[in-house]
Amino acid sequence: MSGTGTNPADDPLQTAVWRLRSRGCWADAAALLDRDAQSDPAAALHRAALLVERCLYTEQGWADAEDALRAAEALAHTDEERGAAACERGHLAYAATLLKVRDRVDEARSAFGRAAALIAPGAARRAVLDFRRGLMSENLADAPQAARAAYRRAHAGATAHGDALLLSFTWRHLAGLALREGELKEARHGFAESLRLREELGYLVGTAPALVSLAEAEPEPETKVRLREEAARLFRLLGGVPTWLAPTLPSAA
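About the cut-offs
Residues numbered from 1 in each chain as written. Predicted model: local features only at pLDDT ≥ 70, side-chain atom pairs only at ≥ 80, totals over all residues. Heavy atoms only, no water. Salt bridge = Lys/Arg side-chain N within 4 Å of Asp/Glu carboxyl O. Helix = DSSP H or I, 4+ residues; strand = E, 2+ residues; numbered from the N terminus. Buried < 20%, exposed > 50% of the residue type's maximum accessible area, 1.4 Å probe, protein only. Expected span 1.5 Å × (residues − 1). Contact = heavy atoms within 4.5 Å. Phe/Tyr/Trp six-rings, centres within 6.5 Å; stacked < 30°, edge-to-face > 60°. Lys NZ or Arg CZ within 6 Å of the ring centre and 35° of its normal. Disulfide = S-S within 2.5 Å. Lys, Arg positive; Asp, Glu negative; His and termini not counted.

Chemist: Quick question: what am I supposed to make of the pattern of salt bridges here?
Modeler: Pairs may arise between side chains of opposite charge once their charged atoms sit close together. Per the counting criterion, the structure on display carries 20 salt bridges. The shortest N-O distance in the salt bridge between aspartate 34 and arginine 47 comes to 2.7 Å. Remark: arginine 47 occurs in helix α3 (residues 41-58) and aspartate 34 occurs in the loop between α2 (26-31) and α3; sequence separation between them is 13 residues. Taking the shortest distance from any N to any O, the salt bridge between arginine 35 and aspartate 36 comes out at 3.9 Å. Accessibility expressed as a relative area gives 29% for aspartate 36, which makes it partly exposed. Each of Glu66, Asp67, Arg70, Glu73, Arg89, Arg104 and Glu107 takes part in a single network of salt bridges with overlapping partners.

In structure tokens form, the structure reads like this:
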């Protein structure tokens, strides 16, 4: 699930869900989908994805995400629906492993493998899957080359489908790999593009991480300080979300 509600043509419900999601109100956003999620596979999957994302940003709500995901899996009947649910299953297992809640790396790999077998090449969800497999390669397998290849596939897919939110993620992570290799100009460009897209979309909960990333590649000390101060302000505004940003912003405690 990426970018839902960001298109002016989207219905009022999707727009309302997006506005809550973008401000870190995942439980409230999911509640708007409760009724439809009882019978509609798409709504059930959307609800589960919101609660999985809450886990990644807050390190809380794991049981709710598991329950929502099982409900979405039970309603999935087509290959696309089953593949999308498997992609969310893998993302939840990845988040639990990354945040050291529980080692579920084998479950994540298996789920992403099922998703790859079910989601058609060229489909919009394939780009999301490619990005998440890139996260696995970069953060759990320490395989930056494999991560870069996956991010580039995701970037191309997001471009083809006009998924600006996913592009903000692929730009940021490709830039992060460039920064690791000392390519400061390329890194600054990618981080700046990620920040620009998130600001245009109003993705407030993702703006502070984008500011911190851009600060890491900024050579001017004054600009670096300004970017980090703005990130700290947003972090406080959102009540300390995302939680994993706190160690990089000691003044935000």
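Chemist: How do you make sense of helix α4 (residues 62-75) when you look at a structure like this?
Modeler: Each turn of an α-helix holds 3.6 residues, which means side chains three or four residues apart point in the same direction. The terminal C-alpha atoms of α4, which comprises 14 residues, lie 20 Å apart, in line with the 20 Å expected from a rise of 1.5 Å per residue. Elements that come into contact with the buried residues of α4 comprise α3 and α5 (79-98).

Chemist: Teacher, can you tell me more about unusual backbone geometry here?
Modeler: Most of the time, phi is negative for any residue but glycine, and the peptide bond is trans. Note that the residue after valine 241, namely proline 242, is joined by a cis bond; omega there is -5°. Among the structural elements, proline 242 can be located in the segment after α12 (221-237). With phi around 60°, glutamate 59 is a residue other than glycine that occupies positive phi space. In this fold, glutamate 59 is placed in the loop between α3 and α4. Accessibility expressed as a relative area gives 34% for glutamate 59, which makes it partly exposed.

Chemist: So what exactly am I meant to see when it comes to the packing of aromatic side chains here?
Modeler: In this description, an aromatic ring pair is defined by two values, namely the gap between the centres and the angle between the planes. Across all of its chains, the model carries six aromatic pairs by this definition. An aromatic cluster is present here, built from Trp18, Phe131, Tyr151, Phe169 and Tyr203 joined pairwise through their rings. Residue placement shows arginine 198 over the ring face of phenylalanine 169; its charged tip is 4.2 Å from the ring centre.

Chemist: Whenever I open this one, the state of the cysteines confuses me. Can you help?
Modeler: One pass over the full model with this rule turns up zero disulfides. Among the cysteines around cysteine 25, which has no disulfide bond, cysteine 55 carries the closest sulfur, lying 16 Å off. Cysteine cysteine 87 is unpaired, with the sulfur of cysteine 55 as its nearest cysteine sulfur at 15 Å.

Chemist: Could you clarify how one ought to interpret the side chain of arginine 198 in this entry?
Modeler: Along the chain, the position of arginine 198 falls in helix α10 (residues 184-201). No salt bridge forms around the buried arginine 198; measuring N to O, its nearest opposite-charge neighbour glutamate 53 is 8.7 Å away. Sequence-distant contacts of arginine 198, defined by excluding residues within four places in its chain, comprise Ser168, Phe169, Arg172, Tyr203, Gly206, Thr207 and Ala210.

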